[in-house]
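Notes for the structure review
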Amino acid sequence: MNTLISIAFQILLLVLLPPLLPGVINKTKAWFAGRVGPPLFQTYYDLLRLMRKGVVLSSTTTWVFSAAPLISLASVLLAGLLVPLGPTAAPVHFTGDLILFAYLLALGRFFTILAALDTGSSFEGMGAARELTFASFSEPALFLALLVLVKLSGTLSLSTMLAPATHVAIDSTAAAALVLTAFGLFVVLLAETSRLPIDDPNTHLELTMIHEVLVLDNSGPLLAAQIYGSAVKLLVLGALLLHVLLPLNQGWIWENWAMTIPGLLAVAGVIGVVESIMARLQLRLVPTLLVAACLLNGFGFLLLLR
Amino acid sequence: MWLTMTLLGAGGFAASGLIGMVGNRRRNWGHWLSVLVAVLAALCGLTAAMAILLGAPVESLAGPGPAPVMTTNLRLDPLAAFFLVPIFLIGGLCSLYGIGYWKQSHHPRTGRKLRFWYGILISSMAMITLSNNGICFLFAWELMAISTFFLIATEDFKPDSRQAAWVYLAAAHISTLLLFAFFALLRMASGSFLLRPLSPEQAGMGLQTALFLLALGAFGVKAGMVPLHFWLPEAHANAPSHVSATLSGTTIKMGIFGLLRVLPLLPARPLGWGILVMTLGALSAFLGVLWAIGQHDLKKLLAYHSVENIGIILLGLGLALIGEAKHQPIWIILGMAGCLLHVWNHGLFKSLLFLSAGSVIHAAGTRKIDRLGGLAQSMPLTSNLFLLGAIAICGLPPLNGFVSELFIYVGLLRTMTVLPILALAAGVLAMVGALAAACFTKVCGAVFLGTARTKLRRVREAGPAFWLPMMILAGGCLLIGMAPTLVATPLNRTTSAWAHRGLPALVALTPLTALTIMNLSLAAVLLVAFLLRRFLARQARTQPTWNCGYAGSSSRMQYTASSLAQMLLGTLRPLLRMRRREPRLSGLFAGPGQFHSHVDDPVLKNVLEPGWRRLRSVLANGRVFQRGNVQSYLFYMLLMLLFLLLITLPLGALWKILF
């Protein structure tokens, strides 16, 4: 019964919470800038508004373009089912699910890039080139971070790796490795969800965009699927990071649940702070940052090899 | 009985080759008859191979050989059957594809030759898998090398094809030469040409290491393992597409087969061998995909991906070897299952990709990626099949590539408790996966999506002879992806037979059931997304693409494949040797300029070609002996005979006579 409730709660969280995170980020940024900022629930309003609108498709596009936002949303939601959002196991878990998790994110990206190329616009081509370059570095970084967690927990499932029932004694070496991994994962999170200093979600010039320009031609419900999809990705990767930072397997179960949502919102808040205090990196330096993330995770892994 | 059926299949392909030779140059009936025989032979061979894989007992046969000292020893064991499946399946399907792609009436000059050597190739590959004797193996191996040479040189009136074929021939003979040495040493150690495991008393560690290195070199050349891959890209690019599909899908796998066949003969399995194989695998996978990204030729790009996939296969094999060294049955089964399943999978999706590339080339008349574009509008079926192959080759769920890569990943992660450094190979595999996805988004985007870049001749969707074989291959990709439990039995049986020991069941080690459920639900979700898309698209308005308010956009403003890859290649430039020709712009109003970049193959361009030139200049000194008249050659023969006579004389006795 408890597991059923937990699964239902996690699915609800996965479906309902994501649009709140961009709201928190924007509120934090507004607070830093001394503005009032958009309402906390602005993304929900945006999504509702977009759902009511019609769709405009480019005349050069094929089915790939209009299916891509839905496919990438579907794959990121499925990936979300593999990550434990609270102290209990994720709705779906099995040996080796971490690989499926990484590859589901890759599937979504594959279709998003294809959709951008489907429009035949040079701007979206630029976005595609950037996205595929950065993805080539952020994917190994994510994998190396997962390697650290596999090594620490000795298991091959995200659910057992991340939270519950693992009574791993965290010694100082493990803690150092986890700190390195947390930094690495945070960079991966910023890159995968297109936040500063890698990508500026508020930029207004197509030439400088990365993620925004990939979805430039989307409209109505398709754009809603894209926005919602990237919010879900933020939640899922945020949950991953949260588990590395906060061992949620202590104490009373409801206490842990109560820590989950504020924890996720806090991750969003930290992203907001980073966005407020940092300028955007030069485009050619982004791969360097991602390689640094790979190295951090790699060092974390090497620490554990002693 | 199954062995007889397999031989019937192999013989059938040889017969289809002979039938393909007869017939009118301008009429197609000979072609059709040949394909019919080939398809029947393929069905016959496939049935037999599947029967062995599903549990029929091993069969063997011994008979007299072509010369008095030789015998013919054939053996149909699970390993042979496992490799016979792609040989017959892809061999038959590509033969079928030839009906449309290389119609006799369109290619009067080359069609008959192509079919002859094609039949011989498939037949010789089947014989390699069956050989249980070094002489038979070498005989079939050489036949395969020669027939491949003639197939690459099908269009021998084109300089590129000739060049590629010569390079291939040289490489193939390096491989054969090493194999001669290998079998001679093996014979020396064991006293027979039979492929029987050596006992540790028969061969010391030094001899075994020599045997291992010879095998790795010989079979590595064939498989296209870095740095011995130099012949592969040009050869696969210049052969007709259905031949490229066969070469990539099955022929290079004979290198892997050879390794798998001879490794169990060597009793010692030091850790170093496994680590060497794994390192070479990681190197091939990474460099293969890196070089692929820089290619502008559709088929050459696909050929470099073969190097990458051979690397992934070798990663699995390396893991299995390390498992043998460290006595870890779990590593053996996972590594071998990944290696073997990837052999099947790569056969399926790479042939699918080569065949769809063939349809594109047939319709558009060019292989240059930057001249194509927007073909999804005119060839929707081919485009979708190529996309499916691309998803599979990138190892993305829910298709078959993901399943075999998952086995290797899980195997690598399982090393964590004993030899955790190996798990870093999983990081390499992840990067390879991401780069492959980048490369295939580039290809799919540039060739099929967007708008046409150049005015091509009227492009039409290909006919059923084109899409039927592709559909069957795509069906295979889907089947293994959606129901990976189906392949568990063949994999278990082959792996146990290979390792000569009982191994834990694959089902218990990998999440096959969970994977089936996840892949099926992913497919269902994708289907729902697709239906939803149709609903949305029906109500949508159509407008030109948004180009920031600029209405006069043209197809030339699209991102090309080269510019798409440029940023990634620029980042990885230290690892690549990129030639760039930049336009020289001058004056206030610069005239038109052209930018050209090319990623060369460093092994061929920087090592072999200069090395060969230097060798040739050294050897030119020997030209004084080549007089060109018969008398001097007769003189050389006389000298040689005298020399041989002298060395047979007992030298001590000679000394006594003289002094």
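Scroll up for the structure.
Residues numbered from 1 in each chain as written. Chains lettered and ligands numbered in written order. Predicted model: local features only at pLDDT ≥ 70, side-chain atom pairs only at ≥ 80, totals over all residues. Heavy atoms only, no water.

Digging into the overall build of chain A
Stated formally: Secondary structure elements follow DSSP: runs of H or I no shorter than four residues count as helices, runs of E no shorter than two count as strands, and numbering proceeds from the N terminus. As a reference, a globule follows 2.2 Å times the number of residues to the power 0.38, and the radius of gyration itself is taken over C-alpha atoms. Summary of the burial criterion: residues with accessible area below 20% of their type's maximum are buried, those above 50% are exposed, and those between are partly exposed, where the area comes from a 1.4 Å probe applied to protein chains only. Pairs of residues are marked as contacts when any of their non-hydrogen atoms sit within 4.5 Å. The accessible surface values rely on the Shrake-Rupley method and a 1.4 Å probe; as for residues, cover is taken only from the protein chains in view. Neither His nor the chain ends is counted toward charge; the positive residues are Lys and Arg and the negative residues Asp and Glu. Every charge is mapped onto a representative atom, which is NZ of Lys, CZ of Arg, CG of Asp or CD of Glu.
Regarding its fold elements, chain A presents twelve helices and one strand. Going from the N terminus to the C terminus, chain A shows its helices and strands as α-α-α-β-α-α-α-α-α-α-α-α-α. Scaling as 2.2 N^0.38, a compact globule of 306 residues should have a C-alpha radius of gyration of about 19 Å, and chain A matches this with 19 Å. By principal-axis analysis of the C-alpha atoms, chain A measures approximately 60 × 45 × 45 Å. Of all 306 residues assigned to chain A, the portion counted as buried reaches 64%. Considering only residue pairs separated by 6 or more positions, chain A has 80% of its internal contacts joining residues 24 or more positions apart. Carbon and sulfur atoms make up 70% of the accessible area of chain A, which totals about 10800 Å². Charged side chains in chain A number 14 positive and 15 negative. The centres of these two groups are separated by 5 Å.

Concerning the environment of Leu532 of chain B
For Leu532 of chain B, the location among the structural elements is in helix α21 (residues 512–539). Distance from Leu532 of chain B to Thr560 of chain B, taken between C-alpha atoms, is 31 Å for residues 28 residues apart in sequence.

Remarks on the packing of aromatic side chains
The geometry of an aromatic ring pair is captured by the separation of the ring centres together with the interplanar angle, meaning the angle of the planes. All names here are of chain B. To keep things clear, this is the line we draw: Two rings from Phe, Tyr or Trp (for Trp, the six-membered ring) form a pair when their centres are within 6.5 Å of each other. A pair whose planes differ by under 30 degrees is stacked, one over 60 is edge-to-face, and the rest are tilted.
A full pass over the atoms with the stated rule returns 33 aromatic pairs over all chains. When the centroid spacing of 5.2 Å and the interplanar angle of 70 degrees are considered together, the rings of Phe83 and Phe257 count as edge-to-face. One end of the pair, Phe83, is in helix α3 (residues 78–101); the other, Phe257, is in helix α10 (residues 253–262), and 174 residues separate them in sequence. With 6.4 Å between their ring centres and 50 degrees between their planes, Phe635 and Tyr636 make a pair best called tilted. Given the relative accessible area of 28%, Tyr636 is considered partly exposed. One aromatic cluster in this structure is built from Phe116, Trp117, Phe149, Phe150 and Trp166.

Overview of the side chain of Thr129 of chain B
All names here are of chain B. Going by this rule: The definition of a polar contact used here is a pair of N or O atoms within 3.5 Å, where within protein one atom must be able to donate a hydrogen and the other to accept one, and adjacent residues in sequence count solely through side-chain atom pairs.
Looking at the element boundaries, Thr129 is found in helix α4 (residues 111–130). Look at Thr129 and you get buried, because its relative accessible area is 0%. Side-chain polar atoms of Thr129 contact the backbone oxygen of Ala126, separated by 2.6 Å. With near-sequence residues (within four places) excluded, Thr129 lies in contact with Arg75, Ala80, Phe83, Leu84, Ile87, Met254, Phe257 and Arg261.

Thoughts on the interface of chain A and chain B
Defined as follows: Summed over both partners, the accessible area (1.4 Å probe) lost when two parts come together is defined as the buried area. Think of a salt bridge as a Lys or Arg side-chain nitrogen and an Asp or Glu carboxyl oxygen that are within 4 Å of each other. Residue type decides the class: Asp, Glu, Lys and Arg count as charged, Ala, Val, Leu, Ile, Met, Phe, Trp, Tyr, Cys and Pro as nonpolar, and the leftover types, Gly among them, as polar. Note on pairing: two strands pair once DSSP finds at least 2 bridges between them.
Contact with chain A, which involves 68 residues of that partner, is made by 69 residues of chain B. Taken over both partners, the interface formed by chain A and chain B buries close to 6000 Å², and the fraction arising from carbon and sulfur atoms is 80%. For chain A, the biggest contributors to the area lost against chain B are Trp63, Tyr103 and Phe110 of chain A; these three give 12% of the whole. One can count zero salt bridges joining chain A with chain B. At the junction of chain A and chain B, the tally comes to 13 residue pairs in polar contact (both at pLDDT 80 or more). When contributions to the side of chain A that touches chain B are tallied by element, the ones reaching two or more residues are β1 (56–58), α4 (63–82), α5 (97–118), α6 (122–153), α10 (220–245) and α12 (286–304) of chain A. For the side of chain A that touches chain B, the element with the most residues is α6 of chain A, which contributes 21 residues. In the side of chain A that touches chain B, the residues fall into 46 nonpolar, 15 polar and seven charged. Sheet topology places β1 of chain A next to strand β3 (residues 541–543) of chain B; three bridges connect them, and they run parallel.

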